[in-house]
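Each chain is listed here by its residues.
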Amino acid sequence: MPDSSSSPHLTKQKQILSLLVLALVVVHLLVVLILTGSERINKKINQYRPAKLYKIFAIPGPFFSEDRINNTVQLYLKTKSESTPWTDPVQLGSDEFNNYHSNYLRYDQLCESGIARFLARQIVYDKKQYPDSSRFFRELNRYIITHQLANHSDSLQVIFIMKKFETYEVDTLFHYTFQVK
Amino acid sequence: MKDVKQKILNYCDFLWISQDIRLTSTWVVRLTYLFAICKILLSWPVSLNIVDISEFSQAKLYSFPLRWITERIELFLIVFIALMAFSIYRSSYLIKVIILLFGILYFRIHISIINGADAVVLALFSLAILLDPPKHYKPGSWPVFLSNSALLLARIHITTLYFVSGADKLLSAAWRSGKAIDYLSQIDYLFNPHLISIYPTHPIIHFVVAWVVILFELFFSWFGLNDFENLFFGPV
C-alpha cells in the first residue's frame, strides 16, 4: 500500500466517487453474508426477477449445495417397436457423460448429458403447468426424438425419478408413455 | 479510528492513481475472452443441437434477436469468436460492449447447459468493458479509476464465490459429517467414473474429503478478504 503522502490529492468529487465504489463493495459483501446465512431470505429473493438476476450473476453459487445433492431428478427412457418388447430403462445423458470421461476434449458430450437433466428438473419443479403442456416437456420430447431415439422405435416411455439420499428414498414421480409421431 | 480513515483515503487515492495493476487487468480480460472462445469451440456441436430443440417464444424481450440468431447460429458463433479474438489483440470499449450483448444472447440460448463458471464469465464480460482501457491514460484520469474499480469488483466477485460455497457447506450437516461426499459418489452423472473404482468408500474418507473441500473454499475467501491489500492492490 503506498504512502498517502506520495499520492496526489484528490478533488472532493473524486474522493466521493471512490468512497462510493468502496461502499458498493461493503454493501455487496453484506448482501453475500445475509444471503448465505438466511435460507428464508434466499428463497424470498428468488421471487423477484431483478434480485434473482443479481444473485445469479453477482453471487454465483453455492455450488454442490446439500439440497441439490440430496434431491436429484433422474430421467430414464424405455423404447419399443412393433417387433421388439420394451427395452430396459436407460438413464438419459449417461452415455454422453461417460464419453466425456473417456475423452476430455469432448466437452460437448458433457454439455449434451446436461440437457436432459436440465429439462427434467424444469418439468419436475415447474408446478404451475401440467407437464404435457409445458414448454420444457415439448423440448424434452424433441430432444429425445432427435438425439436419443433409435430409428426403429415407435413408442416411448419417459420415467422421472426423484432420488433422496438422506432417506434412501427412490420415488417415481411420473411416467409418460406415448407413440412417436 | 484515524488509522482507518487514513487507510480508506489511501484506497481512494489508489483507485485513481495506480498504474501497477494495469497489466493484471489486461490479462484478466484476455484470459476471460480466451476461456470463452475455448468453451464455445468445444461446445460447438451441442450449440447446433440446442437450437433444434429449444423454444424461445416465452422470452418476450429477447424473442426477436433469439429467433434470428438461432436460424443463423453458426454465423453468430463465428462473429462472437472473432470479436473476442480481436479484443484479445486490441482493446476497444465499443467491441467489449458488443461482446457483452453477444454473451447475454449466448447465455440465453444455452440456458440448459449453462453452469456457474458461465455466470462468472458473463459477470467478467461486463467488468471487462471498464478494465484494460484502450489507450495509456494518466493517473487520476477517469479510465484509470474505472479500470481499477472494475478490477477490485472482479476480485471481490471471485473471492465471494468461494466464500458463499464454503460457508454454505459449513452450515450444512451433510457436508460437515462427510455424507455429502457419500451422496455425490452415488450420483453417476456427477462423479468421475474413473474415480468410482479407486475411491475408497469409507465414512472417514468422506469426512476428510468433505473438510478438505470446505477448508479450501473458506481459506481461499479468507485469504482474499483478510490479505486485502496484497490481493487487491498488491504488485502484479
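First things first, this report covers the structure right here in the doc. (Residues numbered from 1 in each chain as written. Chains lettered and ligands numbered in written order. Predicted model: local features only at pLDDT ≥ 70, side-chain atom pairs only at ≥ 80, totals over all residues. Heavy atoms only, no water.)

**Structural notes on the interface of chain B and chain A**
Then, number 1: With 69 residues of chain B in contact, the opposing surface of chain A contributes 63 residues.
Then, number 2: For the chain B and chain A pair, buried surface summed over both sides reaches about 6100 Å², with 69% attributable to carbon and sulfur atoms.
Then, number 3: Area buried by chain B at its contact with chain A is led by B:Ile53, B:Glu55 and B:Tyr189, which between them contribute 14% of it.
Then, number 4: Across the chain B-chain A interface, the total number found is zero salt bridges.
Then, number 5: The element best represented in the side of chain B that touches chain A is helix 8 (residues 142-170) of chain B, accounting for 15 residues. (Contact = heavy atoms within 4.5 Å. Buried area = accessible area lost by both parts, 1.4 Å probe. Salt bridge = Lys/Arg side-chain N within 4 Å of Asp/Glu carboxyl O. Helix = DSSP H or I, 4+ residues; strand = E, 2+ residues; numbered from the N terminus.)

**Notes on the environment of A:Pro89**
Residue and element names in this part refer to chain A.
Then, number 1: Residue position: proline 89 is located in the loop between strand 1 (71-80) and strand 2 (90-91).
Then, number 2: On the accessibility criterion, proline 89 (46% relative accessible area) is partly exposed.
Then, number 3: Along the sequence, proline 89 and methionine 162 sit 73 residues apart, while their C-alpha atoms lie 15 Å from each other.
Then, number 4: Once residues lying within four places of it in the same chain are set aside, the contact partners of proline 89 are Tyr76, Leu77 and Lys78. (Buried < 20%, exposed > 50% of the residue type's maximum accessible area, 1.4 Å probe, protein only.)

**Regarding the environment of B:Lys179**
Residues and elements named next belong to chain B.
Then, number 1: Looking at the element boundaries, lysine 179 is found in helix 10 (residues 179-186).
Then, number 2: Judged by relative accessible area, which is 47%, lysine 179 ranks as partly exposed.
Then, number 3: The sequence separation of lysine 179 and alanine 210 amounts to 31 residues, and the corresponding C-alpha distance is 8.3 Å.

**Concerning the packing of helix 5 (residues 73-89) of chain B against helix 6 (residues 93-109) of chain B**
Residue and element names in this part refer to chain B.
Then, number 1: Contact geometry of helix 5 with helix 6 gives a least axis separation of 10 Å together with a crossing angle of 140°. In terms of axis orientation, helix 5 runs oblique to helix 6. Like other packed secondary-structure pairs, helix 5 and helix 6 cross with a definite hand, here left-handed. Contacts from Ile73, Phe76, Leu77, Val79, Phe80, Leu83, Met84, Phe86 and Ser87 in helix 5 reach Ile95, Lys96, Ile98, Ile99, Phe102, Gly103, Leu105, Tyr106 and Ile109 in helix 6.
Then, number 2: Residues that form the contact of helix 5 with helix 6 fall into these classes: 15 nonpolar, two polar and one charged. (Axes fitted to C-alpha atoms, helices over the stretch in contact; angles between N-to-C directions. Parallel < 35°, antiparallel > 145°, perpendicular 65-115°, else oblique. Left-handed = near helix turned anticlockwise from the far one by under 90°. Nonpolar A, V, L, I, M, F, W, Y, C, P; charged D, E, K, R; others polar.)

**Quick look at the packing of helix 3 (residues 44-53) of chain B against helix 5 of chain B**
All names here are of chain B.
Then, number 1: It is at 10 Å that the axes of helix 3 and helix 5 come closest, and there the two elements cross at 140°. Judged by the inter-axis angle, helix 3 sits oblique to helix 5. Both helix 3 and helix 5 take part in a crossing whose hand is right-handed. Along the contact surface, helix 3 presents Trp44, Ser47, Leu48 and Val51, while helix 5 presents Ile73, Glu74, Leu77, Ile78 and Ile81.
Then, number 2: Classifying every residue of the contact of helix 3 with helix 5 gives seven nonpolar, one polar and one charged.

**Focus: the packing of aromatic side chains**
Within a pair of aromatic rings, the relevant descriptors are the distance that separates the centres and the angle that separates the planes.
Residue and element names in this part refer to chain B.
Then, number 1: One pass over the structure, following the stated rule, counts 17 aromatic pairs over all chains.
Then, number 2: Each ring, one from tyrosine 33 and one from phenylalanine 125, has its centre 5.6 Å from the other, and the planes form 45°; the classification is tilted. Placement of tyrosine 33 in helix 2 (residues 22-42) and of phenylalanine 125 in helix 7 (residues 116-128) is noted, with a sequence separation of 92 residues between them. Take tyrosine 33 and phenylalanine 125: they sit in the same class, and that class is buried.
Then, number 3: Taken together, the ring pairs in this structure connect Tyr33, Phe76, Phe80, Phe102, Tyr106 and Phe125 into an aromatic cluster.
Then, number 4: One Lys or Arg, arginine 30, reaches over the ring of tryptophan 27 and ends 5.2 Å from the middle of that ring.
Then, number 5: The residue whose ring lies beneath lysine 169 is tryptophan 175, and the NZ or CZ to ring-centre distance is 5.1 Å. (Phe/Tyr/Trp six-rings, centres within 6.5 Å; stacked < 30°, edge-to-face > 60°. Lys NZ or Arg CZ within 6 Å of the ring centre and 35° of its normal.)

Taken by themselves, the reported measurements are silent on function.
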